[in-house]
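# Report on the structure
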Amino acid sequence: PRSGTTLMKQMFSRHPAVQAGGEMMASHIAFQRNPNLRAVMEREADPETLTDDDLTRLGEDYVEFLHNEGLKADVVTDKMPANYNYIGLLSRALPRARFVLMRRHPLDCLLSNYTQNFGSNQTFSTSFETLGVMYNLFDETATYWATLMPDQVRVVNYEDIVADAERQRGPARSRAPR
């Protein structure tokens, strides 16, 4: 949280093919509807028990959530901060999905989190020590996924976007971002 995802969502939503979804519960609901995935994620089942059908259902449930929210565009943004934890599964369930991970300078990000009262939603934000641990965990995870799946995952620095958004666009594409 507080990394610049709102700015990125606003930039993407200016494209006519993109609908902004905000911080959606789509992945949370989709995981809840899939007991096999939940069991693996809670370490109650062996990951080898997952099937292609489990991943297909996860993707279908995610898209169904979007449609129930009135989001029917081919490209929809979902800026739920915790989704970075599930990129591996979500990328397999939604193979056309693209993930943009916003990275903001730790001092700005952590101070912004600390001063924002998130209540019980993000208890880690009440301690600088815990915030530091969470930031490092995010940074390691973001780097891992971007390295493993460079065609699907891109890490974008907030400060670079603010300084020169046009330069951060990357190669021209004929379609809207995913």
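Let us look at the structure shown here. (Residues numbered from 1 in each chain as written. Predicted model: local features only at pLDDT ≥ 70, side-chain atom pairs only at ≥ 80, totals over all residues. Heavy atoms only, no water.)

## Brief notes about the packing of aromatic side chains
Here the structure, examined in full by the defined rule, presents four aromatic pairs. An angle of 85 degrees between the planes, with centres 4.9 Å apart, marks the rings of Tyr84 and Phe138 as edge-to-face. Of this pair, Tyr84 sits in the loop between strand S2 (75-77) and helix H5 (87-93) while Phe138 sits in helix H7 (residues 128-148), and the two are 54 residues apart along the sequence. For Tyr84, a relative accessible area of 11% corresponds to the buried category. Geometrically, the ring pair formed by Tyr114 and Phe128 is stacked, given 4.1 Å between the ring centres and 20 degrees between the ring planes. Here the residue Tyr114 occupies a position in helix H6 (residues 106-115), and Phe128 occupies one in helix H7, the gap between them amounting to 14 residues. Among the residues examined, Tyr114 registers a relative accessible area of 38% and is labelled partly exposed. Judged by relative accessible area, Phe128 falls into the partly exposed class, the value being 45%. One Lys or Arg, Arg104, reaches over the ring of Tyr158 and ends 4.8 Å from the middle of that ring. (Phe/Tyr/Trp six-rings, centres within 6.5 Å; stacked < 30°, edge-to-face > 60°. Helix = DSSP H or I, 4+ residues; strand = E, 2+ residues; numbered from the N terminus. Buried < 20%, exposed > 50% of the residue type's maximum accessible area, 1.4 Å probe, protein only. Lys NZ or Arg CZ within 6 Å of the ring centre and 35° of its normal.)

## Considerations on the environment of Asp108
Among the secondary structure elements, Asp108 is positioned in helix H6. Overall, the relative accessible area of 38% leaves Asp108 in the partly exposed class. Sequence-wise, Asp108 and Gln10 are 98 residues apart; in three dimensions their C-alpha atoms are separated by 20 Å.

## Some remarks on the side chain of Asn83
Position of Asn83 relative to the elements: it lies in the loop between S2 and H5. Discounting residues that sit within four places of it in the chain, Asn83 has contacts with Ser27, Asp78 and Leu90. (Contact = heavy atoms within 4.5 Å.)

Note that all results are geometric; they support no functional claim without further evidence.
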